[in-house]
Amino acid sequence: MPCKKTEWLKFSSDQEEIAFPLATIEGTKPGPTVTITAGIHGCEYPGIASAIRLFKELTPETVAGKIQIVTISSLKAFESRSVFVCPVDGKNLNRVFPGDKDGSYTQVLAYHLFNDVILKGNYYLDLHGGDMVEALVPYAMYHKSGNDKIDQKSLEIAKYYGLKYIISGTWPDSRANSGTAYDNASEHGIPGALVEAGSIGQLDEESVNLHMKGLYNVLRYLGCLEGEPVIPADQTIYDEFVLVYTPKKGIFCTKVSVGDEVSKSQCVGTIEDYFGNQIEEILSPINGRVMCLTTSPAVKDNGLLMELGGKS
């Protein structure tokens, strides 16, 4: 039945009630079900704004199939402006999928997002951007599940989102399951991608427009909207994704900017103690590009400094 509706999905946990907003457009024509989540990290605002704007703009008359949108997945993080983690239990929602219905608050939230929303779709897009201490270049990422048909569709979704850079493969550190929503979706037979646009917790129109252009193009590609989808000609695909950490806490002094190309063993930053003495030199582990860069000088032991995309 064609409709356009909003609702709150509510669940209980041992700590607090879990609730997240779900917006749905049921089209007048048959087609696939596409799931879109935003706000898995509560301070990544362009994706949230884009998800809301997409719902406001679409109508059942223009849609084939169903589009279901969780506009703010981690509501507690959004409301408290909490960077990376949910303030209820201190866990990163995008590291605990597919969740645990008997776990802590964030694990229960992941369980219901995954089982009650994501698994009910045919395709999946997870909207992200740079959190309050992250600068990044826009890029898409998809997971290689080992199922060639699923992986090819995920790659095509990433390409049609239209961002300049694409990261392919498994999560860094060779983890079989990173706990992210998009890789668990692909492991369950649902092609999709994580897409990043926006930086340092800012809500800027340029990043929102990147997301909107990508959303409309992918929905055309999947047959939910009329029109001819287009893949940009100048995309670069990286098959390595490496996270660079500091072994010591202190003051991070970067030697590179986001988007820079770096060489293996190049000094990309230093760590100083609280008297200004250098205590660590950070070297790039690969030849690649700085996809994401920590903008805060304050870093903890084993703190994330940057993310690099490279070609093996």
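Just above, that's the structure.
Just so it is clear, the structure is predicted and the values come from calculations on it, not from any experiment.

Asker: Sorry, what's going on with the overall build of the protein here?
Answerer: Counting secondary structure elements, the protein contains six helices and 18 strands. For 312 residues, the compact-globule estimate of 2.2 N^0.38 gives 20 Å, and the protein sits close to it at 19 Å. Counting only C-alpha atoms and orienting by the principal axes, one finds that the protein spans roughly 65 × 50 × 35 Å. Across the 312 residues that make up the protein, the buried fraction comes to 56%. Long-range pairs, those at least 24 residues apart, make up 72% of the contacts in the protein with a sequence separation of at least 6. Carbon and sulfur atoms make up 48% of the accessible area of the protein, which amounts to about 13,400 Å² in all.

Asker: Whenever I open this one, the packing of helix 4 (residues 148-160) against helix 6 (residues 205-221) confuses me. Can you help?
Answerer: A pair of packed helices can be characterised by two numbers: the angle between their axes and the separation between those axes. In contact at an axis separation of 8 Å, helix 4 and helix 6 are set at 140° when each is read in the N-to-C sense. If you check the angle between helix 4 and helix 6, you find them oblique. Where helix 4 approaches helix 6, its residues Lys153, Glu156, Ile157 and Tyr160 are matched on the opposing element by Gly214, Asn217, Val218 and Tyr221. Across the contact of helix 4 with helix 6, the residue classes break down as four nonpolar, two polar and two charged.

Asker: How should the pairing of strand 2 (residues 18-26) be read in this particular structure?
Answerer: A regular strand places its side chains so that they alternate between the two faces of the sheet. With respect to burial, strand 2 is a largely interior element, eight of its nine residues being buried. Pairing geometry for strand 1 (residues 3-11) and strand 2, over nine bridges, is antiparallel. Note that in strand 2 the partner of Lys5 across the bridge is Thr24. With antiparallel pairing between neighbouring strands as the criterion, strand 1 and strand 2 make up a hairpin whose turn holds six residues. Here strand 2 runs beside strand 4 (residues 64-70); their pairing, made up of five bridges, is antiparallel. By the bridge assignment, Glu26 is partnered in strand 4 with Lys66.

Asker: Would you mind showing me how to read the pattern of salt bridges here?
Answerer: Pairs may arise between side chains of opposite charge once their charged atoms sit close together. The final tally for this structure, using the stated rule, is eight salt bridges. Notably, a salt bridge pairs Lys76 with Glu16, separated by 2.9 Å at the nearest N-O pair. Of this pair, Lys76 sits in helix 2 (residues 75-80) while Glu16 sits in the loop between strand 1 and strand 2, and the two are 60 residues apart along the sequence. Residue Glu16 is classed as partly exposed on the basis of its relative accessible area, which comes to 34%.

Asker: Would you mind going over helix 6 with me for this structure?
Answerer: The periodicity of an α-helix, 3.6 residues per turn, causes residues three or four places apart in sequence to face the same way. Under the 1.5 Å per step criterion, the end-to-end length of helix 6 is 24 Å for 17 residues, consistent within 8% with the ideal 24 Å. Looking at helix 6, one finds that the buried residues are Ser207, Val208, His211, Met212, Gly214, Leu215, Tyr216, Asn217, Val218, Leu219 and Tyr221. Residues of helix 6 that are buried make contact with strand 3 (29-38), helix 1 (45-57), strand 4, strand 5 (123-128), helix 4 and strand 9 (192-196). Within two residues after helix 6, Gly223 carries a phi angle of roughly 90°, on the positive side.

Cut-offs and rules
- Residues numbered from 1 in each chain as written.
- Predicted model: local features only at pLDDT ≥ 70, side-chain atom pairs only at ≥ 80, totals over all residues.
- Heavy atoms only, no water.
- Helix = DSSP H or I, 4+ residues; strand = E, 2+ residues; numbered from the N terminus.
- Rg over C-alpha atoms; globule rule 2.2 N^0.38 Å.
- Buried < 20%, exposed > 50% of the residue type's maximum accessible area, 1.4 Å probe, protein only.
- Contact = heavy atoms within 4.5 Å.
- Areas by Shrake-Rupley, 256 points an atom, 1.4 Å probe, with all protein chains shown as cover.
- Axes fitted to C-alpha atoms, helices over the stretch in contact; angles between N-to-C directions.
- Parallel < 35°, antiparallel > 145°, perpendicular 65-115°, else oblique.
- Nonpolar A, V, L, I, M, F, W, Y, C, P; charged D, E, K, R; others polar.
- Pairing = 2+ DSSP bridges.
- Salt bridge = Lys/Arg side-chain N within 4 Å of Asp/Glu carboxyl O.
- Expected span 1.5 Å × (residues − 1).

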